[in-house]
Amino acid sequence: MAEFNIKEIGENVRIYQPVALISPENLVLKNHIIISEFAYVAAGLGTWIGNHIHIAAHSSISGGGYCIMEDFSGIAAGARLITGSANVGGFNMTSPTLPKEFQDVERSFIHLGKHSAVFTNAVVYPGVTIGEGAIVAVGSVVKDDLEPWTIYAGNPARKVAKRPKRNILKQEELLYSSTNLTPSDFSQEIKFIKSLKK
């Protein structure tokens, strides 16, 4: 992993080539992580990936902002987490090839709570928090925060069901008590990115 110059990397992190890691000096990878082939991870201003996370093939984290994926969260094949975007309001041009004075880019964040998942080909817009245990169904588009332990589907994403949490949280407790693994603590980072929300 030395070839990537990753800021912090834990144990049992598997990165299957080819992948694109942009700004790896701003990327924190905890433990038991798989980044599958053809994934694109632009760490932007800062990206923190917790324990037991899968970033599936052809998925992406892009936009140059901040991203936090708490323990046991994940993104499926083709899912898109967009942490920033060009402002298309007509004040500036939109190409990243332009000098900075001709661009108007808004950097934001995405936060995936523990046990949340963004499934195949779903898109999450900048500034969104996906609550603990929330599920984003295949092909959904998420523009607003999602409640914990709820399943969402559609464009725009709407509540379709509640997700039981009791067994999942028991399994989490058993896993941590039976291993030497320490839960990721991104509380300071989460507090910071929440301060960015307008």
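A quick note: this is a predicted structure, and the numbers were derived from the prediction, not measured.

Analysis parameters
- Residues numbered from 1 in each chain as written.
- Predicted model: local features only at pLDDT ≥ 70, side-chain atom pairs only at ≥ 80, totals over all residues.
- Heavy atoms only, no water.
- Salt bridge = Lys/Arg side-chain N within 4 Å of Asp/Glu carboxyl O.
- Helix = DSSP H or I, 4+ residues; strand = E, 2+ residues; numbered from the N terminus.
- Buried < 20%, exposed > 50% of the residue type's maximum accessible area, 1.4 Å probe, protein only.
- Core = buried A, V, L, I, M, F, W, Y, C linked by side-chain atoms within 4.5 Å.

Colleague: Explain the pattern of salt bridges to me, please; I cannot follow it from the model alone.
Modeller: Side-chain pairs of opposite charge can arise whenever the charged atoms involved come near each other. Counting across every chain of the model gives three salt bridges. The salt bridge partner of lysine 159 is glutamate 147, with a shortest N-O separation of 2.8 Å. Taken together, the positions of lysine 159 in strand E22 (residues 158-162) and glutamate 147 in the loop between strand E20 (141-142) and strand E21 (150-153) put the pair 12 residues apart, joining distant regions of the chain. Here glutamate 147 falls in the partly exposed class, since its relative accessible area comes to 35%.

Colleague: Is there a simple way to explain the nonpolar core in this structure?
Modeller: One finds Ile55 and Val118 to be the most contacted residues of the largest nonpolar core, which totals 35 residues. If you list the elements that add at least two residues to this core, you get strand E2 (13-15), strand E4 (27-29), strand E5 (33-35), strand E8 (53-55), strand E10 (66-69), strand E15 (109-112) and strand E18 (128-130). Listed in part, the eight residues of the second largest apolar core include Trp48, Tyr66, Phe186 and Ile193.

Colleague: Which parts of the structure should I look at to understand unusual backbone geometry?
Modeller: Most peptide bonds are trans, and most residues other than glycine sit at a negative phi. The amide bond that connects glutamine 17 to the next residue, proline 18, takes the cis arrangement and shows omega of 0°. Summarising the element assignment, proline 18 is placed in the loop between E2 and strand E3 (20-22). Following asparagine 155, the chain continues into proline 156 via a peptide bond in cis, with omega recorded as 0°. For proline 156, the position within the fold is in the loop between E21 and E22. In this model, phenylalanine 38 sits at a positive phi of 65°, which is unusual for a non-glycine residue. Judged by relative accessible area, phenylalanine 38 falls into the partly exposed class, the value being 49%. Of note, phenylalanine 72 is a non-glycine position whose phi angle comes to about 70°, a positive value. Of note, phenylalanine 72 is situated in the loop between E10 and strand E11 (74-75).

Function cannot be inferred from these measures alone, as they are strictly geometric.
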